[in-house]
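Examining the three-dimensional arrangement
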Amino acid sequence: MPETFGRLAERVCREQGFELLPSGARVPLSGGRSQVVAMEQFEFQGRERLRLWTRIGPEEGLGNVRMEAALRVNARLPHGAFGLRDGALVLGKTYALDEIDAEELEFALRFRA
């Protein structure tokens, strides 16, 4: 029987020392800092999806120069994209839930943190 996403997330967080939260994971960073990466499951075109995103900073005050810079970086990102969500600049990516494994989930969480 395939591992459910909930069990996969629990296992990856436990093995990597991440804190599993009700809506995502807290990923430890250097210098005692950490970053929360949100995880959201949804259905699109008949397939279960997983959207991961992390808050970069408030949308307010970004201005045209910073927004343009974020769009330029988008063109070079190997995974995901910058966007606006809930009044914040975020870095996110969507996956097909049935195609993500432990290695890819760990990479995705670390990349967004």
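Details of the structure are given in the entry above.
On to the overall build of the protein chain, then. Broken down by element type, the protein chain carries 3 helices and 6 strands. Element order for the protein chain, N to C, with α for helix and β for strand: α-β-β-β-β-α-β-β-α. Along the first, second and third principal axes, the C-alpha set of the protein chain runs to 50 × 40 × 25 Å. Taking all 113 residues of the protein chain together, the buried fraction comes to 32%. In the protein chain, once contacts between residues fewer than 6 apart in sequence are set aside, the share between residues at least 24 apart is 53%. The centroid of the 16 positive side-chain charges in the protein chain is displaced by 5 Å from the centroid of its 17 negative side-chain charges.

Looking now at helix 3 (residues 102-112). All buried positions along helix 3 are accounted for by Ala102, Leu105, Ala108, Leu109 and Arg112. The arc that holds every buried residue of helix 3, seen down its axis, measures 130 degrees, which confines them to one face. You can read the cap of helix 3 off the contacts: a side-chain oxygen lies 3.3 Å from the backbone nitrogen of Glu103, and it is on Asp101.

Right, let's get into the packing of aromatic side chains. Scanning all chains against the criterion turns up 1 aromatic pair. When the ring of Phe107 is compared with that of Phe111, the centres are 5.7 Å apart and the planes differ by 25 degrees; the resulting orientation is stacked. Of this pair, Phe107 and Phe111 both sit in helix 3, separated by 4 residues, roughly a single helical turn. Of note, Arg85 hangs over the ring of Trp53, and the distance from its end group to the ring centre comes to 3.6 Å.

This paragraph deals with the pattern of salt bridges. As enumerated under the stated definition, the model contains 9 salt bridges in all. Of the charged contacts, one joins Glu99 and Arg47 as a salt bridge, the two residues approaching to 3.0 Å between their closest N and O atoms. Of the two residues, Glu99 sits in the loop between strand 6 (88-96) and helix 3 while Arg47 sits in strand 4 (residues 47-58), which places them 52 residues apart along the sequence. In this structure, the salt-bridge partner of Glu106 is Arg110, at a minimum N-O distance of 3.0 Å. Remark: Arg110 and Glu106 occur in helix 3; sequence separation between them is 4 residues, near one turn of the helix. Taking the relative accessible area as the measure of exposure, Glu106 reaches 22% and is therefore partly exposed. Judged by its relative accessible area of 39%, Arg110 falls in the partly exposed class.

Okay, the pairing of strand 4 next. Where strand 3 (residues 34-44) lies against strand 4, 8 bridges are found, and the strand directions are antiparallel. Bridge pairing in strand 4 places Glu43 opposite Glu48. Counted between consecutive antiparallel strands, the loop separating strand 3 from strand 4 contains 2 residues, among which Gln45 sits at a positive phi close to 50 degrees. As defined by bridge partners, strand 4 adjoins strand 6 across 9 bridges and the pair is classed as antiparallel. Residue pairing for strand 6: Arg55 is matched across the bridge by Val90.

Quick notes on the rules
- Residues numbered from 1 in each chain as written.
- Predicted model: local features only at pLDDT ≥ 70, side-chain atom pairs only at ≥ 80, totals over all residues.
- Heavy atoms only, no water.
- Helix = DSSP H or I, 4+ residues; strand = E, 2+ residues; numbered from the N terminus.
- Buried < 20%, exposed > 50% of the residue type's maximum accessible area, 1.4 Å probe, protein only.
- Contact = heavy atoms within 4.5 Å.
- Lys, Arg positive; Asp, Glu negative; His and termini not counted.
- Charge placed at Lys NZ, Arg CZ, Asp CG, Glu CD.
- Arc of directions from axis to C-beta.
- Polar contact = N/O pair within 3.5 Å; in protein donor to acceptor, adjacent residues only side chain to side chain.
- Phe/Tyr/Trp six-rings, centres within 6.5 Å; stacked < 30°, edge-to-face > 60°.
- Lys NZ or Arg CZ within 6 Å of the ring centre and 35° of its normal.
- Salt bridge = Lys/Arg side-chain N within 4 Å of Asp/Glu carboxyl O.
- Pairing = 2+ DSSP bridges.

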